[in-house]
Amino acid sequence: MNYKNAKTSTGIIAGITGLLFALVFVGLEILTENPQATNSISIWHTPLIWLLASIFFYLIFYAVGIVRRGKVKERMITFSLCVVAAVILALFWVYPMISGLIQCFGGSGC
């Protein structure tokens, strides 16, 4: 893989975006959680959040890339699988995670 391919690689971009998401989320989670849970959150959950966020962003970036290139008809099955997997991850992982974090910042607290 040369520099030009690595610069626009969907996997590399998704991995970096997933890492940034994981670091921001874990940082906000540490701010809202109790201090006793801080060690287990930062050590055990960060790699899992990074993996799932990278997969989620890869699916989104790949589907958007197919749409931008105008190859939806040629890659209908791949596009459909990407969209379905991204929606499943969004509904069962991202939405509950973000809504739980937003609840902590509301007036009710954690």
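Structure first, text after, so check above.
Notes on the structure follow.

**Looking at the overall build of the protein chain**
Along the protein chain, the regular secondary structure elements total 4 helices and 0 strands. Beginning at the N terminus, the succession of helices and strands in the protein chain can be written as α-α-α-α. When each of the 110 residues of the protein chain is scored for burial, the buried share is 28%. A fraction of 64% describes how many contacts in the protein chain between residues 6 or more apart in sequence connect residues 24 or more apart. For the protein chain, the computed accessible surface area is about 7,600 Å², with 69% contributed by carbon and sulfur atoms.

**Thoughts on the packing of aromatic side chains**
Within a pair of aromatic rings, the relevant descriptors are the distance that separates the centres and the angle that separates the planes. Taken as a whole, this structure holds 6 aromatic pairs when the rule is applied. Taken together, a centroid distance of 6.0 Å and an interplanar angle of 75 degrees make the contact between Phe-21 and Phe-57 edge-to-face. One end of the pair, Phe-21, is in helix H2 (residues 10-32); the other, Phe-57, is in helix H3 (residues 38-69), with 36 residues separating them in the sequence. Classification of Phe-21 as partly exposed rests on a relative accessible area of 22%.

**With respect to the environment of His-45**
Among the secondary structure elements, His-45 is positioned in helix H3. Taking the relative accessible area as the measure of exposure, His-45 reaches 38% and is therefore partly exposed. Taking the C-alpha atoms as reference points, His-45 and Val-26, 19 residues apart in sequence, are found 8.1 Å from one another.

**Thoughts on the nonpolar core**
One finds Phe-25, Ile-49, Phe-56, Phe-57, Leu-59, Leu-89 and Trp-93 to be the most contacted residues of the largest nonpolar core, which totals 19 residues. Elements supplying a minimum of two residues to this core: H2, H3 and helix H4 (76-105). Looking at this core, the element that brings in the most residues is H4, giving 8 residues.

**Overview of the environment of Ser-54**
Inspection of the secondary structure assignment puts Ser-54 in helix H3. Assessed through its relative accessible area of 14%, Ser-54 is described here as buried. Residues Ser-54 and Gly-11, 43 residues apart in the sequence, show an inter-C-alpha distance of 8.1 Å. A distance of 2.8 Å separates the side chain of Ser-54 from the backbone oxygen of Trp-50, its partner in a polar contact.

Parameters and conventions
- Here the residue numbering is sequential within each chain, running from 1 through the sequence in written order.
- In view of the model being predicted, local features appear only for residues whose pLDDT reaches at least 70, and side-chain atom pairs are presented and counted only at 80 or more, with totals across whole chains, interfaces and linings using the full set of residues.
- As a convention, hydrogens and water are excluded, and side-chain values are obtained from all of the structure's heavy atoms.
- The numbering of helices and of strands both runs from the N terminus, where a helix is a DSSP run of H or I of at least 4 residues and a strand a run of E of at least 2.
- Using a 1.4 Å probe on the protein chains alone, a residue whose accessible area is under 20% of its type maximum counts as buried, one over 50% counts as exposed, and one in between counts as partly exposed.
- Here, two residues are considered to be in contact whenever any of their heavy atoms come within 4.5 Å of each other.
- In these tables, accessible area is a Shrake-Rupley quantity obtained with a 1.4 Å probe, and a residue counts as shielded only by the protein chains included in the view.
- In summary, the pairing rule links any two rings of Phe, Tyr or Trp, Trp by its six-membered ring, whose centres are within 6.5 Å, and it sorts them by plane angle into stacked for under 30 degrees, edge-to-face for over 60 and tilted for everything else.
- We call a set of buried Ala, Val, Leu, Ile, Met, Phe, Trp, Tyr and Cys residues a nonpolar core when their side-chain atoms join them within 4.5 Å.
- Identification of polar contacts relies on pairs of N or O atoms within 3.5 Å, with a donor-acceptor requirement for protein atoms, meaning one able to donate a hydrogen and the other able to accept it, and with residues adjacent in sequence counted only if both atoms are side-chain atoms.

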